[in-house]
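Coordinate inspection notes
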Amino acid sequence: MQTIEKFNFAGKKAFVRVDFNVPMNEAIITDDTRIRAALPTLKKILADGGSVIIASHMGRPKKNPDSKYTLQAILPHVSKLLGVEVKFAADCADAAAAAAALQPGEALLLENLRFYAEEEGKARLADGASDEEKAEAKKAIKESQKTFTATLASYADCYVNDAFGTAHRAHASTALIAKHFDESNKMFGYLMEKEVIAVQKVMTDTARPFTAIMGGSKVSSKIDIIENLLSKVDNLIITGGMSFTFVKALGGQIGNSLCEDDKLELALELIDKAKANGVKLVLPVDAKIADAFNNDANTQFVPDNEVPEGWLGLDIGPKTEAIFAEVIKASKTILWNGPTGVFEFENFSHGSRTVGEAIAAATKNGAFSLVGGGDSVACVNKFGLVDSVSYVSTGGGALLEAIEGRVLPGIEAIRGF
Ligand code: AMP
């Protein structure tokens, strides 16, 4: 497989798919992390004497053009960070001349790829379209998507995908375009490569024992992940609001704690599956409960299965913290997705902090730790632990699909699996 490090971009034009879908307030970028994350890749290409055609989506535009989602708004900041005056192509599907004119060391930013429905390959239908019209439109968009993809590919000599956040989508610029380049001319960017290696270290080249910590609010949103992990992990810690569905399924009293009553059966099935697979399922034994859902509520510690009516569990208790920390510290591979409680409230953040610190200690001791999926990233940020874990994924949905065991189209298009 080709790699960005080995590839010499001198005299080449590279089509680089990045994720510049940055949060904006009016025309101001409120967090430029995603742009900064792609800089090593872009800078390497320019330093080699290549030129870059930078392509991204932003938001969910429903028409072309849509001024609310124009990438022109981020152009000055991209230029500033990259250290070159980046040119702009106001129509991503009509940029052949601008791309052809690029000289070594120059950069061109294409307008939002999603202005074209062809990027996602989903037809934009008028309200009330008949089934027949829908079927027609679906067929038509698949055809025009081929042309759109070929146009994008025609701008460049090589293709670099550095947008892990969209790797789970089989879109024109994230997966389909790769077919237009031979093996030696397509590769991951540095960011994507780091994400892919991190997932691989956890899911395939696993050092044991492997402990996954699944927290957060809903079992239903994490079933596929839990099921997949049950054939991979040695220890599965279930925590956060979703642990109460398990506690109730086992006959415990959970008061007003979060619970998905339609998932009680499933919780029992997962417990059985863990047993059958020889996985140690670790559930909380005590909880910090509150008489209201707010930071200043009255609190007490109780066994997890003895939460009185009118009270709700908002974090784990000290006994659970000690049990979790012991399991985590003895691990060689750790995956953390989801907090142990309502960490946004200071008074219910202690459990998540303890878990984060245990992961940091294990990492210091040689374990590989991957933290990913929305709120756990917010946790490590809040507790200042970003540099104490092995890798914090920027992937969100893409990471979750990878740990569900799915093949991600953006990865497959380059690596072949
Ligand atoms: P998720 O998006 O499913 O990963 O869930 C993350 C959210 O779960 C965070 O906003 C937490 O505040 C919330 N959460 C974690 N534990 C609890 C709990 N015991 N009760 C209610 N919400 C919780």
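The structure we're discussing is the one just above.
Before going into details, it helps to say that this report is about the structure given with it.

Calculation rules
- Residues numbered from 1 in each chain as written.
- Predicted model: local features only at pLDDT ≥ 70, side-chain atom pairs only at ≥ 80, totals over all residues.
- Heavy atoms only, no water.
- Helix = DSSP H or I, 4+ residues; strand = E, 2+ residues; numbered from the N terminus.
- Polar contact = N/O pair within 3.5 Å; in protein donor to acceptor, adjacent residues only side chain to side chain.
- Contact = heavy atoms within 4.5 Å.
- Buried < 20%, exposed > 50% of the residue type's maximum accessible area, 1.4 Å probe, protein only.
- Near = heavy atom within 4 Å.
- Areas by Shrake-Rupley, 256 points an atom, 1.4 Å probe, with all protein chains shown as cover.
- Nonpolar A, V, L, I, M, F, W, Y, C, P; charged D, E, K, R; others polar.
- Pairing = 2+ DSSP bridges.
- Axes fitted to C-alpha atoms, helices over the stretch in contact; angles between N-to-C directions.
- Core = buried A, V, L, I, M, F, W, Y, C linked by side-chain atoms within 4.5 Å.
- Domains from an automatic or database assignment.
- Salt bridge = Lys/Arg side-chain N within 4 Å of Asp/Glu carboxyl O.
- Expected span 1.5 Å × (residues − 1).
- Parallel < 35°, antiparallel > 145°, perpendicular 65-115°, else oblique.
- Left-handed = near helix turned anticlockwise from the far one by under 90°.
- Patch = residues over 30% accessible without salt bridge, like charges linked within 9 Å, V, L, I, M, F, W, Y side chains within 5 Å.
- Lys, Arg positive; Asp, Glu negative; His and termini not counted.
- Charge placed at Lys NZ, Arg CZ, Asp CG, Glu CD.

**Quick look at the side chain of Ser-393**
Here Ser-393 shows up in the loop between strand S19 (391-392) and helix H13 (397-403). A distance of 2.7 Å separates polar atoms of two side chains, one belonging to Ser-393 and the other to Glu-195. There is a polar contact of 2.8 Å between the side chain of Ser-393 and the backbone nitrogen of Gly-395. When residues no more than four places from it in sequence are discounted, the contact partners of Ser-393 are Phe-164, Glu-195, Leu-370, Val-371, Gly-372, Val-377 and Leu-399.

**What to know about unusual backbone geometry**
Each neighbour pair has its own omega, and for Asn-64 with Pro-65 the value is -5°, a cis peptide bond. Examined against the element boundaries, Pro-65 turns out to sit in the loop between strand S4 (51-55) and helix H2 (75-82). Omega for the bond connecting Arg-208 with Pro-209 falls within 30 degrees of zero, at 5°, which places this linkage in the cis form. Unlike most non-glycine residues, Glu-26 shows phi in positive territory, near 55°.

**A word on the side chain of Ser-51**
Of note, Ser-51 is situated in strand S4. A residue is classified by how much of its surface remains accessible, and Ser-51, at 3% relative accessible area, is buried. Not counting chain neighbours up to four residues away, the residues in contact with Ser-51 comprise Lys-12, Lys-13, Ala-14, Ile-45, Leu-46, Leu-102, Gln-103, Gly-105 and Glu-106.

**Overview of the site of the ligand**
Taken together, the neighbourhood of the ligand is formed by 13 residues, with Lys-222, Gly-241, Gly-313, Glu-344 and Asp-375 sitting nearest. Note that a nitrogen atom of the ligand is positioned 2.9 Å from one of the backbone N or O atoms of Gly-313. Compared with its free state, where it exposes 500 Å², the ligand has 81% of that area covered by protein. Tallied by class, residues from the shell around the ligand come to three nonpolar, six polar and four charged.

**Digging into the sheet that holds strand S13 (residues 286-290)**
Sheet strands line up and pair through hydrogen bonds in the backbone, either parallel or antiparallel. Spatial ordering of the open sheet is given by S14-S13-S16, a layout of three strands whose pairing is antiparallel. Only two strands of the sheet have a single neighbouring strand rather than two, namely strand S14 (299-303) and strand S16 (312-316). Neighbour-to-neighbour, the strand axes of this sheet turn through a mean angle of 40°, independent of strand direction. Two elements, S13 and S16, share four bridges in a ladder whose sense is antiparallel. Across the sheet, the residue bridging to Ala-290 is Leu-312, located in S16.

**Comments concerning the sheet that holds S4**
As summarised here, the arrangement of the six strands in space is S5-S6-S4-S1-S7-S8, forming an open sheet in which the pairing is parallel. Only two strands of the sheet have a single neighbouring strand rather than two, namely strand S5 (87-89) and strand S8 (186-188). Neighbour-to-neighbour, the strand axes of the sheet open up by a mean angle of 25°, direction not taken into account. By the bridge criterion, five bridges tie strand S1 (residues 13-17) to S4 in an arrangement that is parallel. In the sheet register, Ala-14 faces S4, and the bridge partner there is Val-52. Where helix H1 (residues 33-48) meets the sheet, its contacts fall on S1, S4 and strand S7 (158-161), and the angle it forms with S4 comes to roughly 155°.

**Description of the nonpolar core**
If you look at the biggest cluster of nonpolar residues, it comprises 100 residues, and the most contacted ones within it are Phe-15, Phe-20, Ile-74, Leu-110, Leu-229 and Leu-236. For this core, the leading source of residues is helix H6 (residues 190-203), giving eight residues. Each of two domains, domain 1 (13-193) and domain 2 (206-403), supplies a minimum of three residues to this core. Filtering out sequence-adjacent residues up to four positions away, Ile-74 remains in contact with Phe-20, Val-22, Met-24, Ile-29, Ile-35, Met-58 and Leu-109.

**So, the pattern of salt bridges**
Taken as a whole, this structure holds 14 salt bridges when the rule is applied. Across the pair Asp-224 and Arg-406 runs a salt bridge, and its minimum N-O distance is 3.9 Å. Remark: Arg-406 occurs in the loop between H13 and helix H14 (409-415) and Asp-224 occurs in helix H7 (residues 223-229); sequence separation between them is 182 residues. Residue Asp-224 is classed as partly exposed on the basis of its relative accessible area, which comes to 42%. According to the relative accessible area criterion, Arg-406 is partly exposed, its value standing at 44%. Put simply, Lys-382 and Glu-346 hold a salt bridge, and the shortest N to O gap is 3.6 Å. Taken together, the positions of Lys-382 in helix H12 (residues 374-382) and Glu-346 in the loop between strand S17 (333-337) and helix H11 (350-364) put the pair 36 residues apart, joining distant regions of the chain.

**Observations concerning H6**
Helical geometry: 3.6 residues make up each α-helical turn, so side chains three or four residues apart lie on a common side. The end-to-end C-alpha distance of H6 is 20 Å, a good match for the 20 Å that 14 residues give at a rise of 1.5 Å each. Burial in H6 covers these residues: Tyr-190, Leu-191, Met-192, Glu-195, Val-196, Ala-198, Val-199, Val-202 and Met-203.

**Focus on the environment of Val-302**
Its place among the elements puts Val-302 in strand S14. The spatial distance from the C-alpha of Val-302 to the C-alpha of Lys-275 is 27 Å, given a sequence separation of 27 residues.

**Points about the packing of helix H10 (residues 318-329) against H11**
Two elements in contact, H10 and H11, have axes whose closest approach is 8 Å; the angle formed by their N-to-C orientations is 20°. By the angle between their directions, the pair H10 and H11 is classed as roughly parallel. In the packing of H10 onto H11, the handedness of the crossing is right-handed. Taking contact as the criterion, the partners of Glu-321, Phe-324, Ala-325, Ile-328 and Lys-329 in H10 are, on H11, His-350, Gly-351, Thr-354, Val-355, Ala-358, Ile-359, Ala-361 and Ala-362. Grouping the constituent residues of the contact of H10 with H11 by class yields eight nonpolar, three polar and two charged.

**Regarding a negative patch on the surface**
A cluster of acidic residues, Asp-131, Glu-132, Glu-133 and Glu-136, forms a negative patch on the protein surface. Take Glu-133: its relative accessible area is 46%, and that puts it in the partly exposed class.

Remember, this is a structural readout, not a statement about activity or role.
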